[in-house]
Amino acid sequence: MRASVKRAKKSLEHAAELIIWQIEREAWVTLGYRSWNEMREAEYGGAAFMVPGKNRPELVERIKAIEVGRTARGNAKHLTNKEIAETLGVTERQVKRDLAPDKSGQMSPFVESHEDIIDAEIVEEDEPDKCPVERSKALISEQS
């Protein structure tokens, strides 16, 4: 019986390594899917992968670090915490805990996830001395 448990644990660890390998190599692109989640749904029936708890924080960090493309602005794109949670069968909150810098499991209520950061740019305005309300009124009157 003990040997069976040992083999099962090894199989889970091996499956986790294969999943990371697939994410690193963007297997969904090669197989014709639009995203990891689409591939996970189609190929694995949406199954989450059981990962031994002691290994989970390391796996979460490894998956989060994998670049899975580029944004329109050329920035690195990564799986979201939600996608990682769905892949590993844990809550998004657990993923955030696993990614917490101090590993205490306590995230500061003031620290937001990377998904909450908005990519923005400063745009030169034609009439910088007008306040936003005046510019809006001017645009509305021009369109009328």
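Fair warning: this is a prediction, and the values are worked out from it, not measured in the lab.

Draft legend 1. Layout of the overall build of the chain. A count of helices and strands for the chain gives seven helices and zero strands. Along the chain, from the amino end to the carboxyl end, the secondary structure elements read α-α-α-α-α-α-α. In the chain, buried positions account for 26% of the 144 residues. Within the chain, contacts between residues separated by at least 24 positions form 49% of all contacts whose residues are at least 6 apart in sequence. By element, 54% of the accessible surface of the chain is carried by carbon and sulfur atoms, the whole surface being about 10600 Å².

Draft legend 2. Here's a closer look at the packing of helix H1 (residues 2–24) against helix H3 (residues 36–44). Two elements in contact, H1 and H3, have axes separated by 11 Å at closest approach and are oriented at 135°. Classed by the angle they form, the pair H1 and H3 counts as oblique. For H1 against H3, the interelement crossing comes out right-handed. In this structure, H1 contributes Ile19, Gln22 and Ile23 to the contact, and H3 contributes Trp36, Met39 and Tyr44. Partitioning the contact of H1 with H3 into residue classes produces five nonpolar, one polar and no charged.

Draft legend 3. How the structure looks around the packing of helix H4 (residues 56–65) against helix H5 (residues 81–88). Their axes nearest at 11 Å, the elements H4 and H5 cross at an angle of 135°. Compared by their axis directions, H4 and H5 come out oblique. Along this stretch, H4 crosses H5, giving a crossing that reads as right-handed. Residues Arg56, Val60, Ile63 and Lys64 of H4 lie in contact with H5, whose contacting residues are Asn81, Ile84 and Leu88.

Draft legend 4. Here's a closer look at the nonpolar core. Ile23, Trp28, Trp36, Ile63, Leu79 and Ile84 are the most contacted members of the largest nonpolar core, which has 21 residues in total. Secondary structure elements with two or more residues in this core: H1, helix H2 (27–30), H3, H4 and H5.

Draft legend 5. Representation of the packing of aromatic side chains within the structure. By the definition in use, this model includes two aromatic pairs. Measuring from ring centre to ring centre gives 5.0 Å for Tyr44 and Phe49, while their planes differ by 85°; the resulting arrangement is edge-to-face.

Draft legend 6. Geometry of H5. H5 sits mainly inside the fold: six of its eight residues count as buried. Taken residue by residue, H5 has Asn81, Glu83, Ile84, Ala85, Thr87 and Leu88 as its buried positions. Elements that come into contact with the buried residues of H5 comprise H1, H3, H4 and helix H6 (92–99). Phi turns positive, to about 70°, at Gly89, one or two residues after H5.

Draft legend 7. Local environment of the environment of Glu24. Along the chain, Glu24 falls in helix H1. The sequence separation of Glu24 and Ile66 amounts to 42 residues, and the corresponding C-alpha distance is 5.9 Å. Reaching out from Glu24, the side chain makes a polar contact with the side chain of Arg25 at a distance of 3.2 Å.

Criteria and cut-off values
Residues numbered from 1 in each chain as written. Predicted model: local features only at pLDDT ≥ 70, side-chain atom pairs only at ≥ 80, totals over all residues. Heavy atoms only, no water. Helix = DSSP H or I, 4+ residues; strand = E, 2+ residues; numbered from the N terminus. Buried < 20%, exposed > 50% of the residue type's maximum accessible area, 1.4 Å probe, protein only. Contact = heavy atoms within 4.5 Å. Areas by Shrake-Rupley, 256 points an atom, 1.4 Å probe, with all protein chains shown as cover. Axes fitted to C-alpha atoms, helices over the stretch in contact; angles between N-to-C directions. Parallel < 35°, antiparallel > 145°, perpendicular 65-115°, else oblique. Left-handed = near helix turned anticlockwise from the far one by under 90°. Nonpolar A, V, L, I, M, F, W, Y, C, P; charged D, E, K, R; others polar. Core = buried A, V, L, I, M, F, W, Y, C linked by side-chain atoms within 4.5 Å. Phe/Tyr/Trp six-rings, centres within 6.5 Å; stacked < 30°, edge-to-face > 60°. Polar contact = N/O pair within 3.5 Å; in protein donor to acceptor, adjacent residues only side chain to side chain.

So far we have only geometry, and geometry alone does not tell us how the molecule works.
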